[in-house]
Amino acid sequence: MKRLLLLLSLTLGPLGAMPKLVLPTENDAVTLQRPNDFFMYVDRSFEGESSKPWEAGTYGFVRNMKRTKEGVIGTRFHEGADIKPVRRDENGVPLDPVVSIAKGTVMYVNDKSSGSNYGKYIVVQHNWGEGPICSLYAHLNKTSVEVGQEVAAGTQLGILGYTGVGINKTRAHLHFEVCLMLSLDFEEWHTKYLGVASGHGNFNGRNLSGLNGVDLVIKSQKDQISSIQQYLLRQQSYYSITVPAVRAAKLQARYPWLWRAPQGGHRFTEITFTASGLPMIVNPSDREVSEPKITRLQSFMGRHEDRTIKRISGTGRKAELTESGKRYLALLLGEE
Ligand SMILES: [Zn+2]
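Residues numbered from 1 in each chain as written. Predicted model: local features only at pLDDT ≥ 70, side-chain atom pairs only at ≥ 80, totals over all residues. Heavy atoms only, no water.

1. Brief notes about the coordination of the zinc ion
For the zinc ion, the full set of protein donor atoms is His 78 (NE2), Asp 82 (OD) and His 175 (ND1), at a range of 2.0 to 2.1 Å. In the primary structure, the donors to the zinc ion are separated according to the pattern H-x3-D-x92-H. You can see Asp 82 sitting in strand β5 (residues 81–83) and its partner His 175 sitting in strand β12 (residues 174–181), a full 93 residues away along the chain. On the accessibility criterion, Asp 82 (2% relative accessible area) is buried. What makes His 175 buried here is its relative accessible area of 6%. (Donors = N, O, S within 2.8 Å, 3.2 Å for Na, K, Ca; no water. Helix = DSSP H or I, 4+ residues; strand = E, 2+ residues; numbered from the N terminus. Buried < 20%, exposed > 50% of the residue type's maximum accessible area, 1.4 Å probe, protein only.)

Encoded structure:
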């Protein structure tokens with residue numbers, strides 16, 4: 001019996017684990033070393049020169065270029081991948097089916113072109129045993145699933161399009177993300193800081209913090225990654241923030257795997273983030289703080305605000321949380 005169970009678990013993998021993922025459209029040029037055929041360019045004008053770099057369609061600090069002491073860097077973070085269509089009709093309207101990257105449940109369908117920068121978009125939640133992990137598909141022309149629907153890897157969700165802000169028919173693309181959910185009370189936070197509910201609930205893009213979804217898909221296909229935890233641990237950290245341990249309770253309940261050290265008994269907790277604010281790892285800390293405090297920081301010759309979505313200001317070791325940084329922590333951790 002034991003042997004049978006072992007055999008079964010080898011065949012199926014651990015229950016709820018991250019499976020091999022599929023790309024969200026037919027475009028697979030990224031796996032063929034043709035990134036310029038995969039990522040949609042942006043129309044860039046920098047220091048008097050116009051260009052159409054495909055790199056601006058990749059994930060990361062790839063937009064709003066600035067000349068700094070570290071050279072020319074992108075200061076605006078692009079939280080997903082912009083994937084080019086491979087099929088268009090005679091009028092140039094894209095026809096590519098957009099599919100779910102894995103088995104999951106459709107949690108949100110925004111079927112209106114207005115009311116979100118994402119235009120028409122869909123969020124699918126995946127049960128990989130790691131808390132709420134979502135994939136997001138934006139700028140769709142059509143949606144073809146309903147909230148609550150179970151989908152498989154490859155199930156069609158809609159058609160690639162150009163709804164939303166900053167996009168047109170020529171630059172039609174799928175904006176694709178794989179995300180952690182920052183809060184289970186997003187509208188409360190949104191109403192407090194912006195005076196009104198966003199209307200998209202916890203599936204508002206601002207509540208979904210994206211990791212590099214295309215990279216995740218490719219690494220899962222090559223058997224290099226089998227969990228989000230493993231993926232995040234391989235990312236580069238940028239800053240750590242120490243908070244009283246009680247403030248991290250909600251985050252711990254949602255993503256317990258962020259904790260690598262034994263828990264209990266300690267009064268302070270240090271959370272380590274990527275530059276874009278994804279929590280990567282959480283540890284007990286001996287440092288006593290009465291409010292969130294930066295306790296580690298990557299060295300960077302320029303201004304930290306250019307590398308942290310303006311959540312941290314200052315240069316070198318002189319750095320502090322901005323108001324935006326404090327609001328971000330209030331979203332992630334809940335209010336004090
Ligand atoms: Zn995008």
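2. Regarding the pattern of salt bridges
What the rule picks out here adds up to 14 salt bridges. Between Lys 66 and Asp 306 there is a salt bridge; the shortest N-O distance is 2.9 Å. Placement of Lys 66 in strand β3 (residues 60–68) and of Asp 306 in the loop between β17 (293–297) and β18 (312–315) is noted, with a sequence separation of 240 residues between them. Where Glu 323 meets Lys 326, a salt bridge forms, and the shortest distance between an N and an O atom there is 3.5 Å. Of this pair, Glu 323 and Lys 326 both sit in helix α7 (residues 323–333), three residues apart, which is roughly one turn of the helix. (Salt bridge = Lys/Arg side-chain N within 4 Å of Asp/Glu carboxyl O.)

3. A closer look at the environment of Gly 302
One can find Gly 302 in the loop between β17 and β18. When the C-alpha positions of Gly 302 and Gly 314 are compared, they lie 8.9 Å apart, and in sequence the two are 12 residues distant. Leaving out residues up to four positions away in the same chain, Gly 302 has contacts with Glu 70 and Thr 315. (Contact = heavy atoms within 4.5 Å.)

4. A closer look at the packing of helix α3 (residues 186–194) against α7
Closest axis-to-axis distance for the α3/α7 pair is 9 Å, and the angle between their directions is 150°. Taken together, the axes of α3 and α7 lie roughly antiparallel to each other. Note that α3 runs across α7; the crossing there is right-handed. Residues Phe 186, Trp 189 and Tyr 193 of α3 form the contact with α7, whose participating residues are Arg 327, Ala 330 and Leu 331. Of the residues belonging to the contact of α3 with α7, the class tally is five nonpolar, no polar and one charged. (Axes fitted to C-alpha atoms, helices over the stretch in contact; angles between N-to-C directions. Parallel < 35°, antiparallel > 145°, perpendicular 65-115°, else oblique. Left-handed = near helix turned anticlockwise from the far one by under 90°. Nonpolar A, V, L, I, M, F, W, Y, C, P; charged D, E, K, R; others polar.)

5. Topic: the side chain of Asp 96
By the secondary structure assignment, Asp 96 is in the loop between β5 and β6 (97–99). It turns out Asp 96 is buried and unbridged, and the closest side chain with the opposite charge, Arg 87, is 5.7 Å from it. At a separation of 2.6 Å, a polar atom in the side chain of Asp 96 contacts the main-chain amide nitrogen of Val 86. If sequence neighbours within four positions are ignored, Asp 96 has contacts with Lys 84, Pro 85, Val 86, Arg 87, Gly 158, Ile 159 and Leu 160. (Lys, Arg positive; Asp, Glu negative; His and termini not counted. Polar contact = N/O pair within 3.5 Å; in protein donor to acceptor, adjacent residues only side chain to side chain.)

6. So, the domain arrangement of the protein chain
Splitting the protein chain by domain gives domain 1 (13–226) and domain 2 (235–333). Relative to domain 2, the C-alpha centre of domain 1 lies at a distance of 25 Å. Taken together, the contact pairs 28 residues of domain 1 with 21 residues of domain 2. Counting each side, the surface lost to burial between domain 1 and domain 2 is near 2,200 Å², with a carbon and sulfur contribution of 63%. Seen at the junction of domain 1 and domain 2, the total is two salt bridges. Remark: the boundary between domain 1 and domain 2 carries nine residue pairs in polar contact (both at pLDDT 80 or more). (Domains from an automatic or database assignment. Buried area = accessible area lost by both parts, 1.4 Å probe.)

7. Notes on the nonpolar core
Within the largest apolar cluster, 80 residues are counted, with the highest numbers of intra-cluster contacts made by Phe 176, Leu 216 and Ile 228. For this core, the domains that each give at least three residues are domain 1 (13–226) and domain 2 (235–333). In this structure Leu 216 touches Met 18, Leu 21, Val 178, Leu 211, Ile 225, Ile 228 and Tyr 231, once residues within four positions along its chain are discounted. (Core = buried A, V, L, I, M, F, W, Y, C linked by side-chain atoms within 4.5 Å.)

8. Remarks on the layout of surface pockets
Each pocket or cavity is described by its volume, and for the largest pocket that value is around 1,300 Å³. What lines the largest pocket is a set of 46 residues, and nearest its centre among them are Arg 76, Phe 77, Asn 117, Tyr 118 and Arg 206. Of all elements in the fold, only β1 (44–46), β3, β4 (71–78), β12, β13 (208–211) and α7 reach the threshold of two or more residues within the lining of the largest pocket. Counted by class, the lining of the largest pocket contains 14 nonpolar, 18 polar and 14 charged residues. There are two domains that each give the lining of the largest pocket at least three residues, and those are domain 1 (13–226) and domain 2 (235–333). What the second largest pocket holds in volume is close to 360 Å³. Lining the second largest pocket we find 19 residues, and of these Phe 61, Phe 77, Gln 236, Ala 275 and Ser 276 sit closest to its centre. (1 Å grid on protein atoms, 1.4 Å probe; cavity = no way out; pocket = protein on both sides within 12 Å on 5 of 7 lines; lining within 4 Å. Points joined across faces, edges and corners; volume = space filled by probe spheres on them.)

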